[in-house]
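A look at the structure
So you can see what is in the structure, the chains are spelled out below.
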Amino acid sequence: MILNLIEPLWYVPSGKSFDDIISTLSYAERGYDAFVLYSIEMTEDAMDLSAVCSGERNGYSEENIRRIESGLVPVREKEETASIPSGKYLFEQFPACFQSSDLPRILLPYATKPGKAYIRFFKESILESVMQLLIPQ
């Protein structure tokens, strides 16, 4: 599926790894949102993934939730300096039940050339968390 992200998604830089974020999801509050940006390099026989940066936030404030529900852009906090930029993305969603060692297998069908991949995590409810793959197009 193609996702057109009109506004960037802003986060507080965290330095957390994929596996750190998966661990955080188990005890995080509903609305927890995080991402890891990966650089993808292709060789003749392998795909090399390198984490570039990561960010997180503990959900939106009540004011921002009202803004989003009204169709407005959430107010960006001063400390939110990491982002998933606006743009066109190849988008897939999975249950957040993977480990970083699973990433090459998950990304391989989508990584046809060197580039970037954003892996976003979102805690939808006490029992459900999702992992979203966003590859810039």
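Structural notes, computed from the coordinates. Here the structure is a predicted model, which is why all the values come from computation and not from measurement.

This part covers the overall build of the protein. A tally of regular secondary structure across the protein gives three helices and eight strands. For 137 residues, the compact-globule estimate of 2.2 N^0.38 gives 14 Å, and the protein sits close to it at 15 Å. With the C-alpha coordinates of the protein rotated into their principal frame, the extents come out at 50 × 30 × 25 Å. Scored against the burial criterion, the 137 residues of the protein give a buried share of 39%. Counting only contacts in the protein whose residues sit at least 6 apart along the sequence, the fraction spanning at least 24 positions is 69%. Carbon and sulfur atoms make up 53% of the accessible area of the protein, which totals about 8100 Å². Between the centroid of the 13 positive side chains of the protein and the centroid of its 20 negative side chains there is a distance of 6 Å.

Let us look at helix 1 (residues 18-25). Where helix 1 is concerned, the buried positions are Phe18, Ile21, Ile22, Thr24 and Leu25. One side of helix 1 holds all its buried residues, which, seen down the axis, span an arc of 160°. Considering only its buried residues, helix 1 is in contact with strand 3 (33-42), helix 3 (103-107), strand 7 (115-123) and strand 8 (129-136).

By the secondary structure assignment, Arg57 is in strand 4 (residues 47-57). Discounting chain neighbours no more than four positions away, the residues touching Arg57 are Leu9, Trp10, Tyr11, Gly31, Tyr32, Asp33, Glu80 and Arg120.

What counts, and at which threshold
- Residues numbered from 1 in each chain as written.
- Predicted model: local features only at pLDDT ≥ 70, side-chain atom pairs only at ≥ 80, totals over all residues.
- Heavy atoms only, no water.
- Helix = DSSP H or I, 4+ residues; strand = E, 2+ residues; numbered from the N terminus.
- Rg over C-alpha atoms; globule rule 2.2 N^0.38 Å.
- Buried < 20%, exposed > 50% of the residue type's maximum accessible area, 1.4 Å probe, protein only.
- Contact = heavy atoms within 4.5 Å.
- Areas by Shrake-Rupley, 256 points an atom, 1.4 Å probe, with all protein chains shown as cover.
- Lys, Arg positive; Asp, Glu negative; His and termini not counted.
- Charge placed at Lys NZ, Arg CZ, Asp CG, Glu CD.
- Arc of directions from axis to C-beta.

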